[in-house]
Amino acid sequence: MNFNLNLLNKLFSISVFIYFATYFLPFAETCSGLELELAIWNDMLNNKIPDADMATIFSIRWLTNIIILVFWTLNIPELNNWISVNTDKEWLDSLLLIILFFFVTYPFIFESIAWQYGGLLWALSALATGLSFQLLKAPVTDKRQVDPGDHLIELKEAAN
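Please read all numbers here as calculations on a predicted model, not as lab measurements.

Participant: Residues and numbers for the overall build of the protein chain, please.
Facilitator: Scanning the protein chain from N- to C-terminus turns up six helices and two strands. For the protein chain, the sequential pattern of α-helices and β-strands runs α-β-β-α-α-α-α-α. By residue count, 34% of the 160 residues in the protein chain fall in the buried class. Residue pairs in contact within the protein chain that sit at least 24 positions apart in sequence constitute 74% of those at least 6 positions apart. When the accessible area of the protein chain is evaluated, it comes to approximately 10800 Å², of which 67% is carbon and sulfur surface.

Participant: Could you give an account of the pattern of salt bridges, naming the residues involved and the relevant values?
Facilitator: This model, assessed by the stated rule, comprises two salt bridges. Its salt-bridge partner being Lys89, residue Asp93 comes within 2.9 Å of it at the nearest N-O pair. Highlighted residues: Asp93 and Lys89, both in helix 5 (residues 89–110), separated by four residues, approximately one helical turn. Lys89 shares its class with Asp93; the two are buried.

Participant: Explain a nonpolar patch on the surface to me, and be specific about the residues and the numbers.
Facilitator: A cluster of nonpolar side chains, contributed by Ile14, Phe17, Ile18 and Leu121, occupies part of the molecular surface with about 380 Å² of accessible area. The topology assignment puts Phe17 in helix 1 (residues 2–21).

Participant: Tell me about the packing of helix 2 (residues 33–45) against helix 3 (residues 52–74), and name the residues and values.
Facilitator: It is the contact of helix 2 with helix 3, at a shortest axis distance of 10 Å, that shows an interaxial angle of 110°. The angle between helix 2 and helix 3 falls in the class roughly perpendicular. For the pair helix 2 and helix 3, the contacting residues are Gly33, Leu36, Glu37, Ile40, Trp41 and Met44 in the first and Met54, Ala55, Ile57, Phe58, Arg61 and Trp62 in the second. Class assignment of the residues belonging to the contact of helix 2 with helix 3 gives a composition of nine nonpolar, one polar and two charged.

Participant: So what's going on with the environment of Leu79? Which residues, and what values?
Facilitator: Along the chain, the position of Leu79 falls in helix 4 (residues 77–86). When residues no more than four places from it in sequence are discounted, the contact partners of Leu79 are Thr73 and Leu74.

Participant: Tell me about the packing of helix 3 against helix 5, residues and numbers included.
Facilitator: Contact geometry for helix 3 and helix 5: axes closest at 10 Å, N-to-C directions at 155°. The pairing of helix 3 with helix 5 is recorded here as roughly antiparallel in orientation. Crossing geometry of helix 3 relative to helix 5 is assigned as left-handed. Contacts between helix 3 and helix 5 pair Thr56, Ile57, Ile60, Leu63, Thr64, Ile67, Ile68, Val70, Phe71 and Leu74 from the former with Leu92, Asp93, Leu96, Leu97, Ile99, Leu100, Phe103, Val104, Tyr106 and Pro107 from the latter. Its residues assigned to classes, the contact of helix 3 with helix 5 comprises 17 nonpolar, two polar and one charged.

Participant: Hey, could you go over unusual backbone geometry for me, with residue numbers and the actual values?
Facilitator: Phi is positive for Asn47, which is not a glycine, with a value near 55°. Checked against the element boundaries, Asn47 lands in the loop between helix 2 and helix 3.

Here is what the cut-offs are and how they apply
- Residues numbered from 1 in each chain as written.
- Predicted model: local features only at pLDDT ≥ 70, side-chain atom pairs only at ≥ 80, totals over all residues.
- Heavy atoms only, no water.
- Helix = DSSP H or I, 4+ residues; strand = E, 2+ residues; numbered from the N terminus.
- Buried < 20%, exposed > 50% of the residue type's maximum accessible area, 1.4 Å probe, protein only.
- Contact = heavy atoms within 4.5 Å.
- Areas by Shrake-Rupley, 256 points an atom, 1.4 Å probe, with all protein chains shown as cover.
- Salt bridge = Lys/Arg side-chain N within 4 Å of Asp/Glu carboxyl O.
- Patch = residues over 30% accessible without salt bridge, like charges linked within 9 Å, V, L, I, M, F, W, Y side chains within 5 Å.
- Axes fitted to C-alpha atoms, helices over the stretch in contact; angles between N-to-C directions.
- Parallel < 35°, antiparallel > 145°, perpendicular 65-115°, else oblique.
- Nonpolar A, V, L, I, M, F, W, Y, C, P; charged D, E, K, R; others polar.
- Left-handed = near helix turned anticlockwise from the far one by under 90°.

Written out as structure tokens, the structure is:
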């Protein structure tokens, strides 16, 4: 069990690394992921309207970045334990994976952009990150059952 958890943890870390490394690969049209980011940020800072297709890709990539960072923070054992105890973590994980799948597939279905291999690797690594996080079931410590009256001080009746 521990070997499987370590292997899935490494797979998750590698897929996150590959996801962020795709910024340096040819992404779409004729630019790399980093060039796309810099062009959009430059247009926004100069109060110009960026290309609609590239702005859509930029927005979806940032939304995907947020979900990947949420997966990364949910991988912290203390936070994972707190979320598991106080919420329905399985439902949250499934919802995040569905949203990630929608964000990743949307530009490939609805945008007419000439994709480079970096864009395809971006999509595959994002989905691999989400799926490896789903398979990664970090152990959760048991809930501590607390009696609601534990913190109360017993009062003594005044003798009359």
